[in-house]
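Below are the chains, spelled out letter by letter.
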Amino acid sequence: MKKKRIVVLLTLLIISIFTIFIFNNNLKTHENINNKNSQDAIKNNKDENFNEEIKEVEKTNLVSYNGWLNIENNTLVNENHEKIMLKGMSTHGIQWYGNLANYSMIKSLRDEWNSNLFRVAMYTEQNGYIENKELKQKLIEIVDNVIKLDMYVIIDWHILSDGDPLIHKEEAKEFFDEISNRYKDYPNVIYEICNEPNGNITWDDNIKPYAIEVIDVIRKNSKNSIIIVGTGTWSQDIDKVSNNKIDDDLVMYALHFYSGTHTEWLRERALNVLNEIPIFVSEWGVSDLSGNNGVYLDEAEKWVNFMNENNISWANWSLSNKDESSALLLPNSDITEIKDEYLSQSGHFIKKAMLE
Ligand code: IDC
């Protein structure tokens, strides 16, 4: 009799353990299905491929906290309508210095400098993407790493010697179609569709028509991403935009400056339009416009204050160890983490600006 009771009890126990196991597993599968293709994958920290590092830092300036960005009163806000400022490094051209933009380097910028943004500059010309299509793989590798690190990332179609964005419009459309499809579920990604239009072109006839077509392509995949559009004269002509804006609530306009060349007059120009258009300083440097010829830190300080006062997000040129004054690192220092002893004069200044 006693034996029989034990057998019954044991059977019941086994059945209950089995049921709990099945139920639990079912829940997990459910969770996975729900999270697939969803922005919540990022927020809930459950996407295995992309979120392994989030747990380490719980910062209110990162993507898991802020989510999809928006624009209100011409400035960036997070999902809860709170103002947010993005600050980070831009790579140099990834065809030359892409290897410095490795996982541990970007992680150290996040953890030690409090950076929440990284810009990936993919040149179109100068042995950039147009001639060298493998560069896309390099870009993807870097962007994936930035996403893993829970930071925002700018994908920069870096036109420069090709001053008119229309020159490589078809390639741009193809590229942004593929890339915005790949990243459509990630609030991390910001598209910068033409770094610095320049030369004999205008906003009305060249840049805006180009932007409309490329934005259209991106919007088919991603309705909610922020898109930055370059402006004329190497992204200084923000004053040409206000009466001919692009009809899209999530578009921002690029203002670029180099403190050895661009001073008070450009800040005034920006001030004049700050209430009319959202501005993103997606590239700036402490050198002159050549990227070299010394550092201009007093003027740079004025710019940094200006951006802080007006909640303007920025990316600094550049994370490289080239022998030029805008480079963050000393010439040829080959490092995988940001360390003070390898910082150039620019590097020391940028560290301070980042931590302000
Ligand atoms: C510069 C690099 C320099 C390189 C040159 C041409 O610092 O090493 O030889 O480009 O490729 C920009 C551009 C950015 C420039 C930077 C400094 O967006 O590509 O980088 N600059 O000249 N606009 C204004 C300045």
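Sequence order as written defines residue numbering, which begins from 1 separately in each chain. The model is predicted, so local features are restricted to residues of pLDDT at least 70 and side-chain atom pairs to those at 80 or more, both for listing and for counting; the totals for chains, interfaces and linings are taken over all residues. Note that water and hydrogens are dropped before the side-chain values are worked out from all heavy atoms of the structure.

Student: Would you mind going over the overall build of the chain with me for this structure?
Tutor: Helix and strand definitions follow DSSP, with helices as H or I runs of at least four residues and strands as E runs of at least two, each counted in order from the N terminus. A tally of helices and strands in the chain yields twelve helices and ten strands. A separation threshold of at least 6 residues defines the contact pool for the chain, and within that pool the share at least 24 residues apart is 75%. We get accessible surface area from the Shrake-Rupley algorithm with a probe of 1.4 Å; when it comes to residues, only the shown protein chains can shield them. Summing over all exposed atoms, the chain offers an accessible surface of approximately 16300 Å²; the carbon and sulfur share of this is 49%. In what follows, a contact means two residues having at least one pair of non-hydrogen atoms within 4.5 Å.

Student: Would you explain the environment of M105 in this entry?
Tutor: Mapped onto the secondary structure, M105 falls in helix α5 (residues 103–113). Sequence separation between M105 and T336 is 231 residues; the distance between their C-alpha atoms is 5.0 Å.

Student: What's the story with the site of the ligand in this structure? I'm lost.
Tutor: Any residue with at least one heavy atom within 4 Å of a molecule or strand is counted as near it. As a structural note, the neighbourhood of the ligand is formed by 16 residues, with H158, E196, L289, K322 and E324 the closest of them. Between N or O atoms, a polar contact is any pair within 3.5 Å; within protein, one atom must be a potential hydrogen donor and the other a potential acceptor, and residues adjacent in sequence are included only when both atoms are from side chains. In the model, an oxygen atom of the ligand is placed 2.8 Å from a nitrogen or oxygen of the Y123 side chain. Whether a set of points on the 1 Å grid over the protein atoms alone is a cavity depends on a 1.4 Å probe fitting there but being unable to get out, while an open set qualifies as a pocket with protein on both sides within 12 Å along at least five of seven lines; lining residues are those with an atom within 4 Å of a point. By definition, a pocket or cavity contains a molecule when more than half of the molecule's atoms lie within 2 Å of the pocket's grid points. Counting atoms within 2 Å of the grid points, the majority share of the ligand lands in the largest pocket. Here the residues of the shell around the ligand sort into six nonpolar, six polar and four charged. Put simply, Ala, Val, Leu, Ile, Met, Phe, Trp, Tyr, Cys and Pro go in the nonpolar bin, Asp, Glu, Lys and Arg in the charged bin, and everything else, Gly too, in the polar bin.

Student: Explain the packing of aromatic side chains to me, please; I cannot follow it from the model alone.
Tutor: Aromatic ring pairs are defined here through the distance separating the ring centres and the angle between the ring planes. Here the aromatic set is Phe, Tyr and Trp, taking the six-membered ring for Trp, and pairing holds for ring centres within 6.5 Å; pairs whose planes are under 30 degrees apart are stacked, those over 60 apart are edge-to-face, and all others are tilted. By the definition in use, this model includes twelve aromatic pairs. Ring geometry for Y129 versus W157: centroids 5.6 Å apart, planes at 65 degrees, classification edge-to-face. A residue pair is termed long-range when its members are at least 10 positions apart, and Y129 in the loop between β4 (117–123) and α6 (135–148) and W157 in strand β5 (residues 152–158) qualify at 28 residues. There is no split in this pair, since Y129 and W157 are both buried. In textbook terms, an aromatic cluster arises when at least three aromatic residues are bridged by ring pairs, as seen for Y129, W157, F175, F176 and Y191. Each residue gets one of three labels from its accessible area relative to the maximum for its type: buried under 20%, exposed over 50%, partly exposed in between, using a 1.4 Å probe on protein chains only.

Student: It is not clear to me how empty space enclosed by the protein should be interpreted in this structure. Could you clarify?
Tutor: If a probe the size of a water molecule is rolled over the atoms, the empty space left behind becomes visible. Grid points are joined across faces, edges and corners, and a volume is the space filled by probe spheres set on the points. Within the structure shown, the criterion is met by one cavity of 30 Å³ or more. Taken as a whole, the largest cavity spans an internal volume of roughly 40 Å³. Forming the walls of the largest cavity are W68, L69, Y152, P187, V189, I190, N224, S225 and I226.

Student: Can you help me understand the layout of surface pockets in this one?
Tutor: Here the largest pocket is characterised by a volume of approximately 390 Å³. Lining the largest pocket are 21 residues, with L160, Y258, E283, L289 and S290 positioned closest to its centre. Broken down by class, the residue content of the lining of the largest pocket amounts to eight nonpolar, nine polar and four charged.

Student: Is there a simple way to think about the pairing of strand β6 (residues 189–192) in this case?
Tutor: Along β6, one buried face is formed by V189 and Y191 and the opposite face, lined by I190 and E192, is buried too. The definition of a right-handed crossover adopted here requires that, viewed with the strands pointing away, the path from the first strand over the helix to the second runs clockwise. Each parallel crossover has a hand, and for β5 linked through helix α7 (residues 169–182) to β6 it is right-handed. At least two bridges found by DSSP between two strands is the condition for calling them paired. Here β6 runs beside strand β7 (residues 227–229); their pairing, made up of two bridges, is parallel. Across the sheet, the residue bridging to E192 is I228, located in β7. For the segment spanning β6, helix α8 (residues 203–221) and β7, crossover handedness is right-handed.

Student: Sorry, what's going on with helix α12 (residues 345–355) here?
Tutor: The α-helix advances 3.6 residues per turn, and as a result positions three or four apart in sequence lie on the same side. Looking at α12, one finds that the buried residues are S346, G347, F349, I350, A353 and M354. Buried residues in α12, looked at end-on, bunch into an arc of 165 degrees, giving them a common side. On the buried face of α12, the contacting elements are β3 (87–91), α5, β9 (279–285), α11 (297–309) and β10 (314–319). Of the residues that open α12, the one with a side-chain oxygen 3.3 Å from the backbone nitrogen of S346 is S344. An arc is given here, and it is the one of the directions from the helix axis to the C-beta atoms.

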